[in-house]
Structure formats: structure tokens, C-alpha cells
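Each chain, written out:
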Amino acid sequence: MTSVVALDAVPRIRRGVKCAYDQIRSAHVVLFPEGVLVLNETAASVVALCDGVRSVGDIALALGDEYAGVEPEDVASLVARLVERRVVDVDG
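Residues numbered from 1 in each chain as written. Predicted model: local features only at pLDDT ≥ 70, side-chain atom pairs only at ≥ 80, totals over all residues. Heavy atoms only, no water.

Peer 1: Can you lay out the packing of helix 1 (residues 41–49) against helix 3 (residues 72–84) for me, pointing to particular residues and giving the numbers?
Peer 2: The angle between the axes and the distance between the axes are what describe a pair of packed helices. Interhelical geometry of helix 1 versus helix 3 gives an angle of 75° and a closest axis separation of 11 Å. Relative to helix 3, the element helix 1 lies roughly perpendicular. Contacts from A43, V46 and V47 of helix 1 reach helix 3 at V75, L78, V79 and L82. The class makeup of the residues in the contact of helix 1 with helix 3 is seven nonpolar, no polar and no charged. (Axes fitted to C-alpha atoms, helices over the stretch in contact; angles between N-to-C directions. Helix = DSSP H or I, 4+ residues; strand = E, 2+ residues; numbered from the N terminus. Parallel < 35°, antiparallel > 145°, perpendicular 65-115°, else oblique. Contact = heavy atoms within 4.5 Å. Nonpolar A, V, L, I, M, F, W, Y, C, P; charged D, E, K, R; others polar.)

If you want it as C-alpha cells, here you go:
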């Protein structure tokens, strides 16, 4: 079951998690102790903005400048899944 992350929550990459571009897969990946996540372009953009400063709502606004149809609830849902996978932590 996916938890809920509020739009005012502030996500940050967990310690020990690395973001990289995998030349073999031709995709952005997140490397963490439990495994590897292959990200699409939009998810990679969300992860890149999880800096411990921006809120989920701020991330959605920033992505809205780059991609059409960004919904804050979709960003919150992705962040919630990243929390469950222990890729990001949230404050708030």
C-alpha cells in the first residue's frame, strides 16, 4: 500500500543513494543498498529536484515549466513510492 505524501513535504535523497546515468541501459538510474531503479525522464527530473529544500508542490511547479500536464498529486504519488523504496526521506 502506497503511503501519502503531502504537497508541503520536503523530500531529500537518502544517505547512501546515488543517482546516475547508465550508459548500458541508456536510462537514468537510482542506486541504493537494496537495488537499482531504472527511471523514466520525468521520474529522473523529480529525483533530481529532491534536494531537501523544495517541497513536493514546488517540485511539481518546477516540472510544470518543463513538461506538459504535470499534476502535483502525481508527483506526490511518485515521491511516496520513492519513500517506500527507501530512496528518499521526507520532512513534513
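Continuing now.
Peer 1: Residues and numbers for the sheet that holds strand 2 (residues 18–22), please.
Peer 2: Here three strands make up an open sheet; going across it, the order is 2-3-4 and the pairing antiparallel. The open sheet has two free edges, formed respectively by strand 2 and strand 4 (35–39), since each of these has just one partner strand. Strand-to-strand twist of the sheet, defined as the mean angle between neighbouring strand axes without regard to direction, takes the value 30°. Summarising the sheet, strand 3 (residues 27–32) and strand 4 pair through five bridges and their orientation is antiparallel. Counted as the bridge partner of V29 is V38 from strand 4. (Pairing = 2+ DSSP bridges.)

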